[in-house]
Amino acid sequence: MGEFELIRNFFAAAPCAQGGEGVALGIGDDCALLAVPPGEQLAISTDTLVTGVHFAEPCDPFLLGQRSLAVAVSDLAAMGATPVAFTLALTLPTVTVDWLDAYARGLNVMAQHCGVALVGGDTTRGPLSLTMTVFGRVPAGKALTRSGAQPGDLLCVGGELGNAAGALPLVLGQRTADAAIADPLLAHYWSPRPQLALGQALRGKATSALDISDGLLADCGHIALASKVGIQVERDRLPLSNALVAFLGQSGAEAAALSGGDDYVLAFTLPSVELPALLAAGWPIHVIGRVEAGQGVVLLDADGQDITPQTRGYQHFRETP
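It should be emphasised that the depicted structure is a prediction, and the values quoted were computed from it without experimental measurement.

Each value, and the rule that gives it
Residues numbered from 1 in each chain as written. Predicted model: local features only at pLDDT ≥ 70, side-chain atom pairs only at ≥ 80, totals over all residues. Heavy atoms only, no water. Helix = DSSP H or I, 4+ residues; strand = E, 2+ residues; numbered from the N terminus. Buried < 20%, exposed > 50% of the residue type's maximum accessible area, 1.4 Å probe, protein only. Contact = heavy atoms within 4.5 Å. UniProt positions renumbered as here; feature names shortened; annotations may be inferred. 1 Å grid on protein atoms, 1.4 Å probe; cavity = no way out; pocket = protein on both sides within 12 Å on 5 of 7 lines; lining within 4 Å. Polar contact = N/O pair within 3.5 Å; in protein donor to acceptor, adjacent residues only side chain to side chain.

Asks: For the environment of Ala 209, give the residues involved together with the corresponding values.
Replies: By the element assignment, Ala 209 lies in strand 8 (residues 208–211). Among the residues examined, Ala 209 registers a relative accessible area of 3% and is labelled buried. For the pair Ala 209 and His 222, spaced 13 residues apart in sequence, the C-alpha separation works out to 9.8 Å. In this structure Ala 209 touches Ala 78, Leu 144, Thr 145, Arg 146, Ala 267 and Phe 268, once residues within four positions along its chain are discounted.

Put into structure tokens, the structure is as follows:
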């Protein structure tokens, strides 16, 4: 099967590739055309998932289709952006019809859930790799960034932490668990739900934000560095699911929440005056610390003692011994 036949059969005909609001021209030409309304800015992000680095093989291609798009769209949520479109650069070792069909179906499910249209991309032969570039729109000057946190702000997250990291032994076949424990953990790993609505609700309220991909402590470090502040995380306020604690125990669940990564839950700083209205509106916000003058991130126990671990999160590049 040739490149253009592959694109036509598995992607161009998918419901998510039929255009939508903000898409002036989709698949079929050398470029797609996006229309951004006056007074808005275009938010753009690229994510690559590589076999053996970001996911293990073999894996379910339908679930991989969902996950590969969700982790990219989550960056739009972190900026408070509304999704518009995405492109897919797909590198495959071989062309397998069943694999492509399942992957495309999973991709389409997540695209429709997020309200984002497939507008182009590329295919080539090589080790399995999936690169998504996502495009969103946000009112000019209203995008959430990492650089606005102020001393006195609350440190908040938009949901439970550590579930995806807790699922990893299940994904790799290292452990098993009853369905009541395994299913919710695996759902967080394979089908994360970008917090798009929460990100948009935080525009004009949160002083900084990002999505947790590399681990809470590591990602809070990005906010601390960009905002030139210190951040205190309180271990005993971490929101942990019952399934995670049952599977890993309390200390294991805490470690997964702090350093495991792949949560794709928003972490953000918020003036305390903004919290009551957001909670009253039903947003799943958990206060887990605060911003202070200084630099870096510290983890505190119930007595206020510094218990910051040396390992803080996933690193994309590590020195070889």
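Asks: An account of the UniProt feature "binding site: Mg(2+) 4" (unreviewed entry) in the protein chain is needed here, citing residue identities and associated values.
Replies: UniProt records the feature "binding site: Mg(2+) 4" (unreviewed entry) at Asp 30, Ser 45 and Asp 75, using the numbering of this structure. With a sequence span of 46 residues, these residues are also far apart in the fold, their greatest C-alpha distance being 25.7 Å. Within the annotated group, the residues that form the lining of the second largest pocket are Asp 30. Within the secondary structure, Asp 30 is located in the loop between strand 1 (23–25) and strand 2 (33–34). Assignment of secondary structure puts Ser 45 in strand 3 (residues 40–50). Among the residues examined, Ser 45 registers a relative accessible area of 16% and is labelled buried. Beyond its immediate stretch of four places on either side in the chain, Ser 45 contacts Asp 75, Met 132, Thr 133 and Val 134. A distance of 2.8 Å separates polar atoms of two side chains, one belonging to Ser 45 and the other to Asp 75.

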